[in-house]
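Notes for the structure review
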Amino acid sequence: MSELATVHGVERIEDAPLEGLLDALRAYRERGARFITASCLDRGERFEILYLFDENLRTVAVRTFLPKGAKLPSITGVYLCGFLVENELQDLFGIEVEGLNIDYRGKFLVTNTFDAPPLLKETTCEL
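Residues numbered from 1 in each chain as written. Predicted model: local features only at pLDDT ≥ 70, side-chain atom pairs only at ≥ 80, totals over all residues. Heavy atoms only, no water.

**A look at the side chain of Glu55**
The following threshold applies: Strands are runs of DSSP state E lasting at least two residues, helices are runs of H or I lasting at least four, and both sets are numbered from the N terminus onward. Only protein chains enter the accessibility calculation, which uses a 1.4 Å probe; a residue is then buried when its area is under 20% of its type maximum, exposed when over 50%, and partly exposed in between. Nitrogen and oxygen atoms within 3.5 Å of one another constitute a polar contact, given that in protein one can donate a hydrogen and the other can accept it, and given that sequence-neighbouring residues count only through two side-chain atoms. We call two residues in contact when some of their heavy atoms are within 4.5 Å.
For Glu55, the position within the fold is in strand E3 (residues 46-55). According to the relative accessible area criterion, Glu55 is buried, its value standing at 12%. Engagement of the side chain of Glu55 in a polar contact is seen with the side chain of Arg12, the distance being 2.8 Å. Only 2.7 Å separates the side chain of Glu55 from the side chain of Arg31, close enough to count as a polar contact. Glu55 has contacts with Arg12, Tyr28, Arg31, Ala33 and Val60, leaving out every residue within four places of it along the chain.

**Considerations on the confidence of the model for the chain**
Should the pLDDT be low somewhere, the predicted coordinates at that spot are not to be read in detail. The test is simple: A residue's pLDDT is the predictor's confidence in that residue, given on a scale from 0 to 100.
In the predicted model, the chain carries a mean pLDDT of 84, and the fraction of residues at 70 or more is 74%. Taken element by element, the predicted model of the chain shows its lowest mean pLDDT in helix H2 (residues 83-93) (89) and its highest in helix H1 (residues 21-30) (97).

**A word on the pattern of salt bridges**
Put simply, the test is: Within this document, salt bridges are pairs made up of a side-chain nitrogen of Lys or Arg and a carboxyl oxygen of Asp or Glu, the two lying within 4 Å of each other.
Counting across every chain of the model gives eleven salt bridges. Its salt-bridge partner being Arg63, residue Asp15 comes within 2.7 Å of it at the nearest N-O pair. Here Asp15, found in strand E1 (residues 12-15), pairs with Arg63, found in strand E4 (residues 58-67); they are 48 residues apart in sequence, far enough to count as distant. One salt bridge connects Arg34 with Asp54, and the closest N-O pair in it is separated by 2.9 Å. In this pair, Arg34 sits in strand E2 (residues 34-42) while Asp54 sits in strand E3, placing the two residues 20 residues apart along the sequence. Residue classification places Arg34 among the exposed residues on the basis of a relative accessible area of 55%. Classification of Asp54 as buried rests on a relative accessible area of 13%.

Below, the structure is given as structure tokens:
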């Protein structure tokens, strides 16, 4: 694992390149894993996105890194319920999700009173 060595409560983290993300998630679906949620960290020049699953009563994850300005492929073709968290990513971090089946277009959690996505860092962070 690269930048994040461990995540409390997650037994296994599999890193997937952005271009192989949907294939990695399909493998989890084929094994019967239940999608729990996704989380995102603003790492300055890129986002770290963690997709969490329940696999045989164990929490496991697939992690990918998204350069700022790049589009994130939607997981809704693999796990339809992913539209909820993907709309949150758009609202809170300004991430553009490509191919999102149910798209609230940045108005799922936030209103017009926000000038910028509230969780998007204004400055870069050093790790």
